[in-house]
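Single-letter residue listing:
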Amino acid sequence: MASQTIKISLILIPLLLSFLIASVQSGGIAVYWGQNKYEWTLQSACDSGNYVIVIIAFLTTFGNGQTPVLNLAGHCKPSTGACQSLSTDIQACQAKGIKVLLSLGGGIGNYTLTSPSDAQDVAQYLWNNFLGGNSSNRPLGSAVLDGIDLDIELGGTSYYDVLVQTLSSYSSQGRKVYLSAAPQCPYPDAHLGQAISTGLFDYVWVQFYNNKPCEYQSGGDITKLTNSWNTWTTNVNATYIFMGLPASTNKTGSGYIPPSLLVSQVLPMAKNSSKYGGIMLWNRYYDLQSNYSNQVLDSV
């Protein structure tokens, strides 16, 4: 009887280990929302059940003493107060356990930080108008966002470390401020390198697209992608690192990975890192068109 129990235990141990490894390596999908009015509502994105994080894009003007400007590309006009109705959607997403972040920057805009005090002023604005602070004119209404994302592609490269440090300090006021970054895959990122080196980011979703030296090459070659992924996961001190991908071949240039190849080759490679957090998709509209997230969700 004892030997039989030992045999059963020996059989179960590998199965248990496999289960634990799979649990540790499982991730989620983050998606950008806000840059196409035909992507439907924020709540509909969360109701899909496909995403663990939704990033509202973008705050396109900030810094250098400018009045910050939110650009949601046809969804609503912040200047008229029309975007305050998004509070209901944000809170509905959060009730499902989905984190909602605000992204700063993007590929079009007028933003830069000119000094440490400028960075601190922007952080205070974000705290009062989108996070846990108070303002009489919150662009997205009363909902408290979970954090801030940096997708810095223009302007100066300095003082984003100060911005991140100041935002992180607000977590001491009772509610954690989650921080994420969307660097380009050439390492280190020209605009966000200093900020990422603070080690304060919860999520770093590296853009493995429109960057031929470090993205997937059509035809099945994942060598450059693998080398770049290993560089980021080895050198960056962040809680989780996500593989940023285009959700379709439309308007994204290069780097699209067919879902079948992502599942069969890329994700098994990416999950070798203990920092693997999942994938980030640009963006909700393209995901709706391609059905990408539905095709890969169970494997992420």
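Parameters and conventions
Per chain, residues are indexed from 1 in the order of the written sequence. Local features in this predicted model are restricted to residues whose pLDDT is 70 or higher, and side-chain atom pairs enter the listing and the counts only when it is 80 or higher, whereas totals over whole chains, interfaces and linings include all residues. With hydrogens and water excluded, all non-hydrogen atoms of the structure serve as input to the side-chain values. The numbering of helices and of strands both runs from the N terminus, where a helix is a DSSP run of H or I of at least 4 residues and a strand a run of E of at least 2. Throughout, radius of gyration means the C-alpha value; the globule benchmark is 2.2 Å times the number of residues raised to the power 0.38. Each residue is placed in one exposure class: buried if its accessible area under a 1.4 Å probe, protein chains only, is under 20% of its type's maximum, exposed if it is over 50%, and partly exposed if it falls in between. The Shrake-Rupley method, run with a 1.4 Å probe sphere, supplies the accessible areas, and residue values consider only the shown protein chains as cover. Here the arc refers to the directions that run from the helix axis out to each C-beta atom. Any two residues having at least one pair of non-hydrogen atoms within 4.5 Å are treated as being in contact. Only one rule defines a salt bridge in this text: a Lys or Arg side-chain nitrogen within 4 Å of an Asp or Glu carboxyl oxygen. To estimate the expected span of a helix, count its residues, drop one, and scale the result by 1.5 Å. Each aromatic pair joins two rings of Phe, Tyr and Trp (for Trp, the six-membered one) with centres within 6.5 Å, and gets the label stacked for planes under 30 degrees apart, edge-to-face for over 60, and tilted for any other angle. The rule is simple: put a 1 Å grid over the protein atoms alone, call a set of points where a 1.4 Å probe fits but cannot get out a cavity, call an open set with protein on both sides within 12 Å along at least five of seven lines a pocket, and count a residue as lining if it has an atom within 4 Å of a point. Grid points are joined across faces, edges and corners, and a volume is the space filled by probe spheres set on the points. Definition of nonpolar core: a set of buried residues of the types Ala, Val, Leu, Ile, Met, Phe, Trp, Tyr and Cys, connected through side-chain atoms within 4.5 Å. By convention a crossover is right-handed if, when the strands point away from the viewer, the path from the first strand over the helix to the second runs clockwise.

(A) Focus on the overall build of the protein chain. Assigned secondary structure in the protein chain consists of 10 helices and 10 strands. Taken over C-alpha atoms, the radius of gyration comes to 20 Å for the protein chain, in line with the 19 Å a tight globule of 300 residues would show. By its C-alpha atoms, the protein chain is 75 × 45 × 35 Å across when sized along the principal axes. Counting the 300 residues in the protein chain, one finds 50% classified as buried. Roughly 13200 Å² of accessible area belongs to the protein chain as shown, and the carbon and sulfur atoms make up 52% of that amount.

(B) View of helix H3 (residues 86-95). Buried within H3 are the following residues: Leu86, Ser87, Asp89, Ile90 and Cys93. Buried residues in H3, looked at end-on, bunch into an arc of 165 degrees, giving them a common side. Of the exposed residues in H3, the ones pointing more than 90 degrees away from its buried face are Thr88 and Ala95. Next to the buried residues of H3 lie strand S1 (28-33), helix H2 (42-47), strand S2 (53-62) and strand S4 (99-106).

(C) Spatial organisation of the pattern of salt bridges. A complete count under the given rule lists three salt bridges for this structure. Ionic pairing is found between aspartate 47 and lysine 96, a salt bridge with its closest N-O pair at 3.4 Å. Here aspartate 47, found in helix H2, pairs with lysine 96, found in the loop between H3 and S4; they are 49 residues apart in sequence, far enough to count as distant. The partner of aspartate 202 in a salt bridge is lysine 176, with the nearest N and O atoms 3.1 Å apart. Of the two residues, aspartate 202 is situated in the loop between helix H6 (193-196) and strand S8 (203-207) and lysine 176 in the loop between helix H5 (160-169) and strand S7 (178-181); the sequence distance between them amounts to 26 residues. The exposure class assigned to lysine 176 is partly exposed, which follows from its relative accessible area of 40%.

(D) Up close: helix H7 (residues 223-235). Under the 1.5 Å per step criterion, the end-to-end length of H7 is 18 Å for 13 residues, consistent within 8% with the ideal 18 Å. Along H7, the residues classified as buried are Leu225, Thr226, Ser228, Trp229, Trp232 and Thr233. Around the axis of H7, the buried residues are gathered within 170 degrees of arc, so they sit on the same side. Where H7 is buried, its residues meet H6, S8, strand S9 (240-246), helix H8 (259-270) and strand S10 (276-282).

(E) Representation of the packing of aromatic side chains in the model. Taken as a whole and judged by the stated rule, the model has 16 aromatic pairs. Ring centres of tryptophan 205 and phenylalanine 242 lie 5.2 Å apart, and the angle between their planes is 85 degrees; on these two criteria the pair is classed as edge-to-face. Pair noted here: tryptophan 205 is in strand S8 and phenylalanine 242 is in strand S9, with a separation of 37 residues, a long-range link. Each member of the pair tryptophan 205 and phenylalanine 242 is classed as buried.

(F) Structural detail: the layout of surface pockets. Taken as a whole, the largest pocket encloses approximately 440 Å³ of empty space. Contributing to the lining of the largest pocket are 22 residues, with Phe58, Gly106, Gly107, Glu153 and Trp282 lying nearest its centre. Among the elements of the structure, S2 and S10 are those that each provide at least two residues to the lining of the largest pocket.

(G) A look at the nonpolar core. Judged by nonpolar contacts, the single largest core of 95 residues is most densely connected at Leu163 and Trp205. Per element, the largest residue contribution to this core is eight residues, and it comes from S2. Once residues within four sequence positions are removed from consideration, leucine 163 is found in contact with Leu104, Leu113, Ala119, Val122, Ala123, Leu126 and Leu150.

(H) Up close: the pairing of S8. Burial within S8 is extensive, with five of its five residues counted as buried. Remark: the S8/H7/S9 crossover connection has right-handed handedness.

(I) Main features of empty space enclosed by the protein. Applying the stated criterion across every chain yields a total of one cavity of 30 Å³ or more. Of the voids in this model, the largest cavity is the one considered here, and its volume is about 30 Å³.

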